[in-house]
Amino acid sequence: MATKKPRLGVWKFASCDGCQLSLLDCEDELLAVAGAVDIAYFPEATRSTVSGRYDLSLVEGSIATPHDAARIHEVRRRSRTLVTIGACATAGGIQALRNFADVREYAAIVYARPDYIATLATSTAIAEHVRVDFELRGCPISKHQLVEVISAFLAGRRPVTPPHSTCVECKLKGNVCVMVAHGTPCLGPATHAGCGALCPSYNRGCYGCYGPMESPNTPALTKQLEALGVDQSTLRRVWRSFNANAPAFRRESERHGP
Amino acid sequence: MARRTIKVDYLARVEGEGGLKVVVRDGMVQSAELSIFEPPRFFEAFLRGRSFAEAPDITARICGICPVAYQMSCVYAMEDALGIRVGGALRDLRRLLYCGEWIESHCLHVYMLHAPDFLGYDGAIDMAREHGDAVRRGLELKKIGNEILALLGGREIHPINVRVGGFYRVPHRRELAPLAERLKWARQAALDTVRWVAGFEFPDRTRDYNFVALRHPDEYPFNEGHIVSSQGLDIAARDYDDHFEEHHVARSTALHSRLRGAGNYLVGPLARYNLNFERLSPLAQQAAREAGLAPSCRNPYRSIIVRAVEMVYACDEALRIIDAYQEPESPAVPLTPRAGFGFGATEAPRGLLYHRYRLNADGIIAEARIVPPTSQNQGSIEEDLASYIGDFLDLPDEALQHRCEQTVRNYDPCISCAAHFLRLDMDRG
């Protein structure tokens, strides 16, 4: 029977599965989403697959193997709209730490037979390989933002995911600033909103898992962190974590060591 | 039937990417190989040079389904290296967090990944059309597990509130009260789940497994205890490397584990249950008995019932912890970096998860080693396929392929973890 419902595909590249799990974690919305779209490819959730074209593809994970570097082009060809979800897909993920090292050394540390391992020297964002229609940030993404992205797509509008900093979310929440009041180093001023200022709400500094906000002043924030006693090697690590290969964070980390 | 070939390029309803190859000659299964083509991410390499304090957040990213397990094995290993012990309410809160992850992860597997195999659907969304009440119950139960994670951990996936030494912020008693009301509903839903899955049809297949799990003197194991086996192993986590070994095969980006001198073994709910039945809460024991499970169960297809029984236990245990909870004076115990080795083994939803670290004097990681449950189960999964599938060779290709997949899904394999799974390639020769 022909169906007019838009066809959804969920694709995985190098990742922890957490961002696509966010869809299954939408316990209240999942059956409604399944009613509004035809879930044509989502191997984590179903055996059935439909070949052909997809109206909306959600892509999780980074490009880290030669096989995946080719496969992403096939996914792009078959997708009308391609949305990348999460820090791996939008910035290369934590596995992009290899971009600052020698991947052959990495393989030798982990594997007895590095010659069995097919891998690329870098882990990179999907947008470095194919055209991407929208990027949803976060490690992991917010499930509320994911529902917003799917709803926006169904309504034919742009998703509302504000690109301002985590600081704004703290102010909206009425949090006391952990950096000003407690001297806790915090990446909130440079980090993209979306999590709801979680870490400061738990008396902890933001560690930047949503990546850079739209216009981050990273050198100014570094100066503030230095004033709080953060040393150079720590600064390099602070800027080089789950979004290490996002350009603004990469440039800042490179100012503090190789 | 001189030659039949069945091929599954990508096994569905598992977490991660992998495939399967079964070779049949003259009506006998000659070999069964699991291949894992999950891209390697090299966690043990890039952990070198990071601070001990960063490791719980970094290792959580190995798995989006069981991040708490990685955080727990990590913090216990780091605390071992730093010579501190976390007790009292902080220890209880860690168990409570783990209850949330067991409920969320087991519920995902029981309802969304495994039950469709028994009832003949491609997935839970198809299953919902005829089993809507069951699927809605599963989603609500899963949500309550996630509510524990969100309250204690800040969010469901990659919680932000766990640190070496304890937490960043501990909840007030009054914050936990609404959770207790939700958990009472969840406990009943878990009991209903046990009854529901106990009514499925199970292939009558058993093997003499060597089960491996933690065992603690007083409690069903989450974070602490000795590593024991059904063949008499009884060791501390720090002796793991003396008894277990990993080897690397070409078909897999996940290393295979073996017990030195004893070969393959099985970790996970079935192992925990067999080695710790008497430590389950009375209600969970009673639910198991009513479901027809003896204190010993060697049929891996029945692991779906064991997962449901463990959900009853997790709800019971969470309610006990909330009832006894007194807010600790400090959210974490103080610590000072020092050089040394640290070892940690905890019970992830899928089984034993081992971490080992060597730290420099300034707390920087010099070496890291992580052995996830699915790596340890690869050998046992292959042995199950080799032993059980031979009896199903009369089935048509499509049904046989489905049976192979179901047999693999008994283990709730998490390939993202293991490679840090699945293609079926059946060669009937």
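Residues numbered from 1 in each chain as written. Chains lettered and ligands numbered in written order. Predicted model: local features only at pLDDT ≥ 70, side-chain atom pairs only at ≥ 80, totals over all residues. Heavy atoms only, no water.

Student: What is the right way to look at the overall build of chain B in this model?
Tutor: A count of helices and strands for chain B gives 14 helices and 14 strands. The C-alpha radius of gyration of chain B comes to 21 Å, within 12% of the 22 Å expected for a compact globule of 429 residues. Seen through its C-alpha atoms, chain B measures out along the principal axes to roughly 70 × 45 × 35 Å. When burial is assessed residue by residue, chain B has 69% of its 429 residues classed as buried. Total accessible area on chain B is roughly 13500 Å²; 46% of this is exposed by carbon and sulfur atoms. Side chains of chain B carry 51 positive and 59 negative charges; the gap between the two charge centres is 1 Å. (Helix = DSSP H or I, 4+ residues; strand = E, 2+ residues; numbered from the N terminus. Rg over C-alpha atoms; globule rule 2.2 N^0.38 Å. Buried < 20%, exposed > 50% of the residue type's maximum accessible area, 1.4 Å probe, protein only. Areas by Shrake-Rupley, 256 points an atom, 1.4 Å probe, with all protein chains shown as cover. Lys, Arg positive; Asp, Glu negative; His and termini not counted. Charge placed at Lys NZ, Arg CZ, Asp CG, Glu CD.)

Student: When you look at the overall build of chain A in this model, what are you seeing that I'm missing?
Tutor: A count of helical and extended segments in chain A gives 12 helices and five strands. In summary, chain A has a C-alpha radius of gyration of 19 Å against a globular reference of 18 Å for 258 residues, a match within 12%. Taken along its principal axes, the extent of the C-alpha atoms in chain A is 65 × 50 × 25 Å. Here chain A has roughly 10300 Å² of accessible surface; of this, 55% comes from carbon and sulfur atoms. Charge separation in chain A, taken as the distance between the mean sites of 29 positive and 24 negative side-chain charges, equals 3 Å.

Student: Can you walk me through the interface of chain B and chain A in this structure?
Tutor: Frequently, the measure chosen for interface size is the accessible area removed from exposure when the parts meet. Across the contact, 70 residues belong to chain B and 58 residues belong to chain A. The contact between chain B and chain A buries some 5500 Å² in all, and 63% of this surface belongs to carbon and sulfur atoms. Counting across the interface, chain B meets chain A through six salt bridges. The partner of B:Lys143 in a salt bridge is A:Asp28, with the nearest N and O atoms 2.6 Å apart. (Contact = heavy atoms within 4.5 Å. Buried area = accessible area lost by both parts, 1.4 Å probe. Salt bridge = Lys/Arg side-chain N within 4 Å of Asp/Glu carboxyl O.)

Student: Before we go on, may I ask you to explain the sheet that holds strand 13 (residues 365–371) of chain B in this structure?
Tutor: Paired through their backbone hydrogen bonds, the strands of a sheet run either parallel or antiparallel. Residue and element names in this part refer to chain B. Spatially, the three strands line up as an open sheet ordered 11-12-13, and their pairing is antiparallel. With one partner strand each, in any of the chains shown, strand 11 (340–348) and strand 13 form the two edges of the open sheet. For this sheet the average axis-to-axis angle between neighbouring strands, irrespective of direction, equals 15 degrees. (Pairing = 2+ DSSP bridges. Axes fitted to C-alpha atoms, helices over the stretch in contact; angles between N-to-C directions.)

Student: Is there a simple way to think about the pattern of salt bridges in this case?
Tutor: All names here are of chain B. The full count for this structure, using the stated rule, is 51 salt bridges over all chains. Between Arg50 and Glu54 there is a salt bridge, and its shortest N-O distance comes to 2.8 Å. Assigned by exposure class, Arg50 and Glu54 land together as buried. Glu367 serves as the salt-bridge partner of Arg358, at 3.2 Å between the closest nitrogen and oxygen.

Student: When you look at helix 6 (residues 132–153) of chain B in this model, what are you seeing that I'm missing?
Tutor: Within an α-helix, residues lying three or four positions from one another point in the same direction, as the helix has 3.6 residues per turn. Residue and element names in this part refer to chain B. Over its 22 residues, helix 6 extends 31 Å from the first C-alpha to the last, a length consistent with the 32 Å expected when each residue adds 1.5 Å. Summarising burial for helix 6: 16 of the 22 residues are buried, a large majority. Among the residues trailing helix 6, Gly154 stands out with phi positive, at a value near 95 degrees. (Expected span 1.5 Å × (residues − 1).)

Student: Please explain helix 7 (residues 173–198) of chain B as it appears in this structure.
Tutor: All names here are of chain B. With 26 residues, helix 7 should reach 38 Å at 1.5 Å per residue; the first-to-last C-alpha distance of 37 Å fits that figure. Leu176, Leu179, Ala180, Leu183, Ala186, Ala189, Ala190, Leu191, Thr193, Val194, Trp196 and Val197 are the residues of helix 7 that are buried. Buried residues along helix 7 sit against helix 4 (88–119), helix 5 (124–127), helix 6, helix 10 (282–290) and helix 11 (303–324).

Student: Which parts of the structure should I look at to understand the nonpolar core?
Tutor: Soluble globular proteins: nonpolar side chains tend toward being buried together. All names here are of chain B. Counting residues in each nonpolar core, the largest one holds 173 residues, and the members touching the most others are Leu183 and Tyr273. The greatest single-element share of this core, amounting to 17 residues, is contributed by helix 4. Those residues in contact with Tyr273 that lie beyond four places of it in its chain are Tyr220, Leu280, Ala288, Leu293, Ala294, Pro295, Cys297, Val306 and Val309. By size, the runner-up hydrophobic cluster in this structure holds 16 residues, among which are Leu233, Ile235, Leu352 and Val371. (Core = buried A, V, L, I, M, F, W, Y, C linked by side-chain atoms within 4.5 Å.)

Student: Teacher, can you tell me more about the packing of helix 4 of chain B against helix 6 of chain B here?
Tutor: For any two helices packed against each other, one specifies the crossing angle of their axes together with the interaxial distance. Residues and elements named next belong to chain B. Running from N to C, helix 4 and helix 6 cross one another at 155 degrees; their axes reach a closest spacing of 8 Å. Considering the angle they form, helix 4 stands roughly antiparallel to helix 6. Where helix 4 crosses over helix 6, the handedness of that crossing is left-handed. Every residue of helix 6 that contacts helix 4 at Leu93, Leu96, Leu97, Gly100, Glu101, Ile103, Glu104, Cys107, Leu108, Tyr111 and Met112 is listed here: Ala134, Arg137, Gly138, Leu139, Leu141, Lys142, Gly145, Asn146, Ile148, Leu149, Leu152 and Gly153. (Parallel < 35°, antiparallel > 145°, perpendicular 65-115°, else oblique. Left-handed = near helix turned anticlockwise from the far one by under 90°.)

Student: Hey, could you run me through the confidence of the model for chain B in this one?
Tutor: Detail in the predicted coordinates should be disregarded across regions flagged by low pLDDT. All names here are of chain B. When pLDDT is averaged across chain B, the result is 91; 92% of the residues are at 70 or more. Low pLDDT, under 50, characterises residues 419–424; the stretch is placed with 57 contacts to residues that sit more than four places away or in other chains. Scored as a whole, the predicted complex attains pTM 0.95, and scored at its interfaces, ipTM 0.96. (pLDDT = per-residue confidence, 0-100.)

Student: I would appreciate a short explanation of the pairing of strand 12 (residues 351–359) of chain B in the present structure.
Tutor: The two faces of the sheet receive side chains in turn, since in a regular strand these alternate between them. Residues and elements named next belong to chain B. By the criterion of burial, strand 12 is predominantly enclosed, with eight of the nine residues buried. With nine bridges connecting them, strand 11 and strand 12 associate as antiparallel partners. Bridging across to strand 12, Ala348 finds its partner in Gly351. Linking two consecutive strands that pair antiparallel, namely strand 11 and strand 12, is a turn of two residues.

Student: Looking at this structure, I do not really get unusual backbone geometry. What am I missing?
Tutor: Residues apart from glycine generally show negative phi values, whereas peptide bonds are mostly found in trans. The linkage connecting A:Cys139 with the following residue, A:Pro140, adopts the cis geometry, with an omega of 5 degrees. Position of A:Pro140 relative to the elements: it lies in the loop between strand 5 (134–136) and helix 6 (143–155). Here A:Ala197, not a glycine, exhibits a phi torsion of approximately 50 degrees, which is positive. The topology assignment puts A:Ala197 in the loop between helix 8 (178–182) and helix 9 (198–201). For B:Asp412, which is not glycine, the phi dihedral falls at a positive 50 degrees. Counting through the fold element by element, B:Asp412 comes out in the loop between helix 13 (397–409) and helix 14 (415–418).

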